[in-house]
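Residue-level structural notes
Each chain is listed here by its residues.
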Amino acid sequence: MLKTKISIKEPHVRKFVISRYGDDTSVIDLTRRSFLGKLTELGCQKIGYVHSLPRTEHDEGTLVTLLLPDSLKNHFLHPAKVLLFVQALEFHFREIFLAHCEVFVELGVSDYNAVENFMDKYAIEDDGKIAERLRQMWRNHQSYQRRKLEKKLG
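Summary of the structure given here. These numbers were taken from a predicted model, which means no experiment stands behind them. Throughout this document, residue positions are counted from 1 along each chain, in the order its sequence is written. Residue-level local features of this predicted model are given only where pLDDT is at least 70; pairs of side-chain atoms are given and counted only at 80 or more, and the full residue set underlies all totals for whole chains, interfaces and linings. Side-chain numbers come from the whole structure's heavy atoms, not from hydrogens or water.

Secondary structure summary: the protein chain contains 5 helices and 5 strands in total. Put simply, the protein chain runs from its N terminus to its C terminus through helices and strands in the order β-α-β-α-β-β-β-α-α-α. Classification of residues uses two cut-offs on accessible area relative to the type maximum, computed with a 1.4 Å probe and protein chains only: under 20% is buried, over 50% is exposed, and between them is partly exposed. Put simply, the protein chain has 154 residues, and 36% of those count as buried. Taking as baseline every contact in the protein chain between residues at least 6 positions apart, the subset at least 24 positions apart corresponds to 75%. Residue burial considers only the protein chains on display, and all accessible areas are found by Shrake-Rupley using a 1.4 Å probe. Of the roughly 9900 Å² that the protein chain leaves accessible, carbon and sulfur atoms contribute 53%. Secondary structure elements follow DSSP: runs of H or I of four or more residues count as helices, runs of E of two or more count as strands, with numbering from the N terminus. Note on definitions: a residue-residue contact is assigned when non-hydrogen atoms from the two residues lie within 4.5 Å.

Any two side chains of opposite charge can pair, given that their charged atoms come close. We count a salt bridge whenever a side-chain nitrogen from Lys or Arg sits within 4 Å of a carboxyl oxygen from Asp or Glu. Under the criterion given, the structure shown has 4 salt bridges. Across the pair glutamate 95 and arginine 94 runs a salt bridge, and its minimum N-O distance is 3.7 Å. Glutamate 116 is the partner of arginine 135 in a salt bridge, and the nearest nitrogen-oxygen pair spans 2.6 Å. You can see arginine 135 sitting in helix α5 (residues 130–153) and its partner glutamate 116 sitting in helix α4 (residues 111–121), a full 19 residues away along the chain. Overall, the relative accessible area of 12% leaves arginine 135 in the buried class. On the basis of relative accessible area, glutamate 116 is assigned to the partly exposed category, the value being 24%.

By convention, a stacked pair of Phe, Tyr or Trp rings (six-membered ring in the case of Trp) has centres within 6.5 Å and planes under 30 degrees apart, an edge-to-face pair has planes over 60 apart, and any other such pair is tilted. One pass over the structure, following the stated rule, counts 7 aromatic pairs. Ring centres of phenylalanine 16 and phenylalanine 93 lie 5.2 Å apart, and the angle between their planes is 75°; this geometry places the pair in the edge-to-face category. Here phenylalanine 93 lies in helix α3 (residues 79–106) and phenylalanine 16 lies in helix α1 (residues 11–21), a separation of 77 residues in the sequence. Among the residues examined, phenylalanine 16 registers a relative accessible area of 0% and is labelled buried.

So, about the nonpolar core. If you look at the biggest cluster of nonpolar residues, it comprises 34 residues, and the most contacted ones within it are Ile6, Ile8, Val17, Phe93, Phe97 and Leu134. Every element with two or more residues in this core is listed here: α1, α2 (35–43), β4 (63–68), α3, α4 and α5. Ranked by residues supplied to this core, first place goes to α3 with 8 residues. Every residue in contact with leucine 134, bar those within four places of it in the chain, is listed here: His12, Phe93, Phe97, Val115 and Met119. Joining through side-chain atoms within 4.5 Å is the link that ties buried Ala, Val, Leu, Ile, Met, Phe, Trp, Tyr and Cys residues into a set, and such a set is a nonpolar core.

Strand pairing is assigned whenever DSSP detects at least two bridges linking the two strands. Pairing in this open sheet of 3 strands is mixed, and the strands run β1-β4-β2 from one edge to the other. Two strands in the sheet have a free side with no partner beyond their single neighbour: β1 (2–7) and β2 (27–29). Within this sheet the neighbouring strands show an average axis-to-axis angle of 25°, counted without direction. As paired strands, β2 and β4 are joined by 3 bridges and run parallel to one another. Residue pairing in the sheet places valine 27 in a bridge with threonine 65 of β4. In this analysis, axes come from line fits to C-alpha atoms, helices being fitted only over the stretch in contact, and the angle between any two N-to-C directions falls in the range 0 to 180 degrees.

This part is about α2. An α-helical segment advances 3.6 residues per turn. Residues three or four places apart therefore align on the same side. Every buried residue belonging to α2 is among Leu36, Gly37, Leu39, Thr40 and Gly43, and all of these are buried. In a view along the axis of α2, the buried residues occupy a sector of 165°, so they form one face of it. This arc is built from the directions going out from the helix axis to the C-beta atoms.

In this section: the packing of α3 against α5. One can describe the packing of α3 onto α5 by two numbers: an axis separation of 11 Å at closest approach and a directional angle of 75°. When the interaxial angle is binned, α3 and α5 end up roughly perpendicular. On α5, the residues touching Phe93, Arg94, Phe97, Leu98, Cys101, Glu102 and Val105 of α3 are Leu134, Met137, Trp138 and His141. Any residue that is not Ala, Val, Leu, Ile, Met, Phe, Trp, Tyr, Cys, Pro, Asp, Glu, Lys or Arg is counted as polar, Gly included; the first ten are nonpolar and the last four charged. In terms of residue class, the contact of α3 with α5 is made up of 8 nonpolar, 1 polar and 2 charged. In these notes the angle categories are as follows: under 35 degrees is roughly parallel, over 145 is roughly antiparallel, 65 to 115 is roughly perpendicular, and the rest is oblique.

Put into structure tokens, the structure is as follows:
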């Protein structure tokens, strides 16, 4: 297995990725049939004759280890593509979070409880700031959807 370490700085995104894909460990075993496996495959490059990568410094607390499938044994994830990979994970988190909140609000649950339920589901610890950031993300999404609907109705 080829190991690649990525640094996810946002603690709630890191916890979401670990809970959803890593079985509550910071090591995620990728397959080519999973979302993360396909995303990693897009970012992989074949190892050439000259294989030198720039050094990157990471905080150990933000690292998540990806185990690439054996079919990608001669590949590596270039550091420039790692940044895009992390941004894609942040976008994926946002989409899953907003979809979760939309379902709960449609069922008549308050947005406060919808955010709390999402955080409980993915074992995201709240330090007081994360829950408020997620609620703000939900309020921004609601206002964006409202403006979009008003523009359509004209």
